[in-house]
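One-letter residues, chain by chain:
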Amino acid sequence: MTGDDTKQLPLEDLHMAAGARFGAFAGWSMPLTYPAGVMKEHLHSREHAGLFDISHMKLFEISGTGAAALLNRACPFDAGALEVSQSKYTFFLNEAAGILDDLIVTRLGAERFMMVANAGNAAADEKHLRALAKNFDAEGDFDVKVDALDRVFLAIQGPEAWAALSRAGIETGSLVFMHGIEPREKWFMSRSGYTGEDGFEIALPEADARNLVTRLLEDERVMWVGLAARDSLRLEAGLCLHGLDITPEIDPASAGLMWAIPKEVRASGAFIGADALRAILERGPAQKRVGLKPEGRQPVRAGAALFDADGNPAGHVTSGGFGPSAGHPVAMGYVQTPLAKSGAKLFADVRGTKIPVDIHPLPFTPHRYRKG
């Protein structure tokens, strides 16, 4: 099932007791599904509240007089412009403007920020941050500290997530979409929802996490949900998975993620990859990320090649599967910019069969975040 160096989640015993089926993901042994199955888990998250263990993801606290300046160098955004408790979706870019990782950064105080990084990139992200911090400290004007936090990380997603948390003794009323707070010592709670639903992420010590999980699962509205349904939920919501939909070879303009980069930062920011990104924007990206709706019931998976009506290569699929809420197969991928318009007809090669595919607006299911 897993290799010797595969990491185990701190709450693995709880997942085993719940009947989870495990699989390897980003160096971790992760619950893929529970006995209810991926379809029920997915729909339960859309209708009620799904509980996810996302402890494979990494939290970094960045603090000190140079914290904002460090983040402005590392990411294409303005850390100093964030209000306390405000979160921002952003990236680490390389010098060619390729996406090394996508992140969520929350301002906790005047000189304190929380960063959430993806599991597969956590070690590289930490190395990258520490190298940048060392350079800043060497310049003498700044003091920057990077702390990798050891926390259990849970997500509860769905329209009844807030009510389930309230019943478990955690009030969420003042917390709105893309904000984060520290409700208790060593706790961090945000409201973002990488499923398209209203949802919360809670990082907390293991003993507290075990108590919270017990209380949450006493509520019939809450169900454990595995990585398989997390993937179908985020795909329906048109959200990117690093390593598939965004990679170090793909820039934010091609990925349709320029909304995350403020205009003034695009124009004059000194972030890593700034010159390369400005050059891409000036000439226009050669390819664009799009939603793809295959005809019929056959899902089109990551890696499938896309062709135009004349049989010419047109792009490739990066994520694909069946969308339980959409009721049909859903996918995302990259196509040549002239073809990236809604309704354009393409064909996906699935084991030698050409399946007709329409370019479809994203998301496939509407977002239901609580923004105010």
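**Student:** Would you take a moment to explain the layout of surface pockets for this structure?
**Tutor:** Unfilled space is identified by rolling a water-sized probe across the atoms. Considering only enclosed or pocket space, the largest pocket measures out at about 760 Å³ in volume. Elements with a contribution of two residues or more to the lining of the largest pocket: strand E2 (21–25), strand E7 (99–109), strand E8 (112–117), strand E10 (152–157), strand E12 (188–190) and helix H7 (227–236). In terms of residue count, H7 provides more of the lining of the largest pocket than any other element does, 5 residues in total. In this structure, the second largest pocket occupies an estimated 440 Å³ of space. Lining the second largest pocket are 22 residues, and of these Tyr89, Leu239, Trp259, His367 and Tyr369 sit closest to its centre.

**Student:** Help me understand the environment of Pro31 in this model?
**Tutor:** Relative to the helices and strands, Pro31 resides in strand E3 (residues 28–33). Leaving out residues up to four positions away in the same chain, Pro31 has contacts with Leu9, His15, Ala20, Arg21, Phe22, Gly226 and Leu227.

**Student:** Is there a simple way to explain the packing of helix H2 (residues 38–47) against H7 in this structure?
**Tutor:** Packed helix pairs are characterised by how far apart their axes lie and by the angle those axes make with each other. Between H2 and H7, the least distance of the axes is 9 Å, while the angle of their chain directions is 50°. The orientation of H2 relative to H7 falls into the category oblique. Here H2 and H7 pass one another in a crossing that is right-handed. Between H2 and H7, the contacting residues are Val38, Glu41, His42, Ser45 and Arg46 on the first element and Ala228, Ala229, Ser232, Leu233 and Glu236 on the second. Classifying every residue of the contact of H2 with H7 gives 4 nonpolar, 3 polar and 3 charged.

**Student:** Looking at this structure, how should I read the pattern of salt bridges?
**Tutor:** Should the charged atoms of two oppositely charged side chains come close, the side chains can pair. Going through the model one piece at a time under the given rule, you end up with 18 salt bridges. We note a salt bridge from Arg167 to Asp219, for which the minimum N-O separation is 3.7 Å. Here Asp219 lies in the loop between helix H6 (206–217) and strand E14 (222–224) and Arg167 lies in helix H5 (residues 161–167), a separation of 52 residues in the sequence. On the basis of relative accessible area, Arg167 is assigned to the exposed category, the value being 59%. What you see here is one network of salt bridges that share partners, running through Arg46, Glu197, Glu236 and Arg368.

**Student:** Looking at this structure, I do not really get the sheet that holds strand E4 (residues 49–53). What am I missing?
**Tutor:** Strand order in the open sheet formed by 6 strands is E11-E12-E13-E10-E4-E14, and the pairing between neighbours is mixed. Each having just a single partner strand, strand E11 (180–181) and E14 make up the two edges of the open sheet. Here E12 pairs with strand E13 (residues 199–204) via 3 bridges, running antiparallel. Considered in E13, the bridge of Ser190 is made with Glu201. Of the strands in this sheet, E4, E10 and E14 are in contact with H2, which crosses E14 at around 145°. In this fold H6 packs onto E4, E10, E13 and E14, with an angle of close to 25° to the strand it touches most, E10.

**Student:** How do you make sense of the environment of Ser45 when you look at a structure like this?
**Tutor:** With respect to the helices and strands, Ser45 occurs in helix H2. Taking the relative accessible area as the measure of exposure, Ser45 reaches 1% and is therefore buried. Note: C-alpha distance between Ser45 and Val225 (180 residues apart in sequence) is 7.9 Å.

**Student:** How should the sheet that holds strand E15 (residues 287–294) be read in this particular structure?
**Tutor:** Across a sheet, paired strands are connected by hydrogen bonds in the backbone, their directions being either parallel or antiparallel. Ordered by their spatial adjacency, 6 strands build a closed barrel running E15-E18-E17-E16-E19-E20, and the pairing between neighbours is antiparallel. Taken pair by pair, the neighbouring strands of this sheet meet at an average axis angle of 40°, ignoring direction. Bridge count for strand E17 (residues 313–323) against strand E18 (residues 328–336) is 8 bridges, and the pairing is antiparallel. The residue bridging His316 from the neighbouring strand is Tyr334, located in E18.

Rules of the game
Residues numbered from 1 in each chain as written. Predicted model: local features only at pLDDT ≥ 70, side-chain atom pairs only at ≥ 80, totals over all residues. Heavy atoms only, no water. 1 Å grid on protein atoms, 1.4 Å probe; cavity = no way out; pocket = protein on both sides within 12 Å on 5 of 7 lines; lining within 4 Å. Points joined across faces, edges and corners; volume = space filled by probe spheres on them. Helix = DSSP H or I, 4+ residues; strand = E, 2+ residues; numbered from the N terminus. Contact = heavy atoms within 4.5 Å. Axes fitted to C-alpha atoms, helices over the stretch in contact; angles between N-to-C directions. Parallel < 35°, antiparallel > 145°, perpendicular 65-115°, else oblique. Left-handed = near helix turned anticlockwise from the far one by under 90°. Nonpolar A, V, L, I, M, F, W, Y, C, P; charged D, E, K, R; others polar. Salt bridge = Lys/Arg side-chain N within 4 Å of Asp/Glu carboxyl O. Buried < 20%, exposed > 50% of the residue type's maximum accessible area, 1.4 Å probe, protein only. Pairing = 2+ DSSP bridges.

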